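Overview (structure and organization)
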Amino acid sequence: MDYKETINLPQTPFPMKADLARKEPEIQRFWEERKVYETLQKKLKGKQKYILHDGPPYANGHIHLGTALNKILKDIVIKYKSRKGFYSPFLPGWDCHGMPIEHQLFQELKISKSDINRVDFRKKAAAFALKFVKIQREEFKRLGVWGDWERPYLTLEKEYESEIINTFGKLATAGYIYKGFKPIYWCIQCETALAEAEVEYQDDSSPSIYVKFPVDPESLSKLSTLNSKLLTLTPDLIRGSTAFLIWTTTPWTLPGNTAIALHPDLEYAFVKTDNEVLILAKVLVKEVMEKAKIADYKILGEIKGKKFEGIKYMHPFMKSRGRIHPTRGLAKASPYDRKFLYSVILADFVSSSEGTGCVHSAPGHGEDDYRIGLKYHLPILSPVDEKGRFTKEVKEFEGIDVFSANKLITEKLRREGSLFFDEEITHSYPHCWRCRKPVIFRATAQWFLNVEHRNLREKLLAAVEKVTWVPKESKKKIKGMIKERPDWCLSRQRYWGVPLPIFYCKKCKKPVITQETIESIREKIEKNGSDIWFLKEAKEILPENFKCPYCGGKEFSKEKDILDVWFESGISHQAVLEKEAELGYPADLYLEAGDQHRGWFQTSLLTAVGTKNSIPFKTVLTYGFVVDSEGKKMSKSLGNAISPFEITERNGADILRLWTIFQDYQANIYVSKEILENIVSAYRTIR
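The shown structure was predicted, so the numbers you read here are calculated from the model rather than taken from an experiment. Just so you know, the residues in each chain are numbered from 1, in the order the chain's sequence is written. Since the coordinates come from a predicted model, pLDDT governs what is reported: local features require at least 70, and pairs of side-chain atoms require 80 or more to be given and counted, while whole-chain, interface and lining totals use all residues. Computation of side-chain values covers all heavy atoms of the structure but excludes hydrogens and water.

**Description of the confidence of the model for the protein**
A residue's pLDDT is the confidence the predictor assigns to it, expressed on a 0 to 100 scale. Per-residue pLDDT for the protein has a mean of 88; in total, 91% of the residues score no lower than 70. In this description, contact between two residues means that some pair of their heavy atoms is separated by no more than 4.5 Å. Across residues 1-16 the pLDDT falls below 50, and counting only partners more than four positions away or on other chains, this stretch makes 27 contacts in the model. Note on residues 320-339: pLDDT is under 50 here. Beyond four places in sequence and across chains, it has 44 contacts.

**A look at the sheet that holds strand E20 (residues 503-505)**
Pairing is antiparallel across the open sheet formed by 3 strands, whose spatial order is E21-E20-E22. Two strands lie at the open edges of the sheet, namely strand E21 (511-512) and strand E22 (556-558), each paired on one side alone. Relative to E21, E20 runs antiparallel, the two sharing 2 bridges. Pairing of Phe503 across the sheet is with Val512, part of E21. Whether two strands pair comes down to DSSP finding at least two bridges between them. Helix numbering and strand numbering both begin at the N terminus, where a helix is a DSSP run of H or I of at least 4 residues and a strand a DSSP run of E of at least 2.

**Section: empty space enclosed by the protein**
Which parts of space are left empty comes out when a probe the size of a water molecule is rolled across the atoms. A cavity here means a set of 1 Å grid points, computed over protein atoms only, where a 1.4 Å probe fits but cannot escape. A pocket is an open set with protein on both sides within 12 Å along at least 5 of 7 lines, and lining residues have an atom within 4 Å of a point. Grid points are joined across faces, edges and corners, and a volume is the space filled by probe spheres set on the points. This structure, assessed with the given rule, holds 3 cavities of 30 Å³ or more. Estimates place the volume of the largest cavity at around 120 Å³. Contributing to the lining of the largest cavity are 15 residues, with Ile184, Glu196, Pro486, Asp487 and Cys489 lying nearest its centre. Every element with two or more residues in the lining of the largest cavity is listed here: strand E4 (177-187), strand E16 (440-449) and strand E18 (488-489). Looking at the lining of the largest cavity element by element, the count peaks at 4 residues for E4. In this structure, the second largest cavity encloses a volume near 80 Å³. Along the walls of the second largest cavity sit Ile642, Glu646, Ile647, Arg650, Asn651, Lys673, Leu676 and Glu677, which together make up its complete lining. Among the elements of the structure, helix H22 (644-650) and helix H24 (673-686) are those that each provide at least two residues to the lining of the second largest cavity.

**A closer look at the layout of surface pockets**
Taken as a whole, the second largest pocket spans an internal volume of roughly 1,500 Å³. Taken together, 46 residues form the lining of the second largest pocket, with His365, Gly366, Glu367, Asp368 and Phe441 sitting closest to its centre. Counting only elements with at least two residues in the lining of the second largest pocket, the list comes to strand E7 (241-248), strand E14 (358-361), helix H12 (367-375), strand E15 (419-432), E16, helix H15 (473-484) and helix H21 (600-612). Examining the composition of the lining of the second largest pocket, we find that 5 residues originate from one element, E15, more than from any other. Residues are grouped as follows: Ala, Val, Leu, Ile, Met, Phe, Trp, Tyr, Cys and Pro are nonpolar; Asp, Glu, Lys and Arg are charged; all remaining types, including Gly, are polar. In terms of residue class, the lining of the second largest pocket is made up of 21 nonpolar, 15 polar and 10 charged.

Now the structure itself:
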């Protein structure tokens, strides 16, 4: 089928010449005046559909080279499919809520969230997002991208917001949603919980400390009976100082310690150094002693890890002369000033490749620690507030932020003789995706989506097998992520987003989520927008004469947190594909960067399988990240960023499009001024 015959338009009046930067806007005006895109869609309507669903970018600033690449790739697919005779309309969208927009706006206003009323800020945020929707729309059009630009989908539209509430309600009433006290990623700069997809890993410098946790003398006697060599040494072991040697790069989590985890199948050695005996994995003894520059040491004996289960030890902060006895009543004890003993537990996640094989376990500050803590019924201590400062439970460091406390805690351990060795290391550490600051693991009460409920995890893995993944290796990537992913933390302690549609009964204190309440909220948001939640009292949003289903109470309060922005974009299959007549469900193609394996691809799958037991896409294509000629990520702070406008104003959008076509999308995509000059030369040859 001939392309020009399809749209039935005359040849463009602009023959191919140089000076693209000047000629291209004229060509684009010609397209708009003649309604080329609209005419093409009208001609192809009724033909077989091919739907590429647009993953919404954030309306928080000008487009960059990565977003330009994304839209050009999509435009190439749409135009190719249209030329092949498919009806392939393109409906662009924008993500208009969430931290990216809130963070950018707070920077412009030069205030924090405590300096402005929530409703006032939401009005400013809406105007800010809509401003950049218009700006980005023109920027995408300048790249020669075709689409229904006058009728995009926006996640802040009332109809879209009501569908967010509707989808959440379906998941909640089906039992997927729960409130739990567990450790999650927490940004102390943004003061909010983060999901897996909102965390980026960067190399960072951290303290690396090896700490001695004294063994309870009574437990030591029990241990020595398990090894004939140790039996004869028991008096010497008790008279000296015998301790488990743990390793950690987060000294600030030590106040939350409630166990030491050992691997059941590892051999643990009793290592004599001067006047003390240290217990650590035998395979790591040489490495640890070399780091500490200790040449004179001796292995007295060894015992399998599983034999240590239940052995008591003393927290190093409580180290003193004589034995410290357990105190009854954990609930009454301070998380920091505790005068009782904790026990050794067993865990398969303990590694023999680094550290000591003895893992300091703080269930309030880590996912693995939390899971094993549930198994052993350990206390979950998290004496850290939303700003990352120690609370009154940690008297000595109260009010000090955890990163500043690292050095203070290390010095305390050194003074008390509990520090064996310390150094600084550079390793990969989680950072907030918006403020780029290091995050912490902090146990708080949050709302979660249970990925085990109704066998959801296995259903997701089965769904992955039914999708075509391009490149093929990306299937293995997303399967691995789904297998390991924790429950989805849905609540955010921010201003700009759709509210969690949950009420609390003032009488029995229970959360209330029913089909009746969800429908009442959905109707009001569809009519008035999500601001209604923050403007009205609970009784004005609830159905008339509503009573608590648990106790019959009549007074309610509202949840203050908002929904994770990834939930909003994750339900676009419901709010857009199923609602827009010219589109259709499922999409033929989702096309995004490879980081969306843990972002939009996963959240779309979770919500679609959870609510409809269906798959929202047939094919998923991913591409690499834009990097400079040395393979470094493009960044303003590194000084290697190239703006797409720099290219279009100097050379024209066709140079950027040609650069896109020339790339091997399966790997990282290189760009530099030299590379672009080569593209210009190639263009001249083609011309």
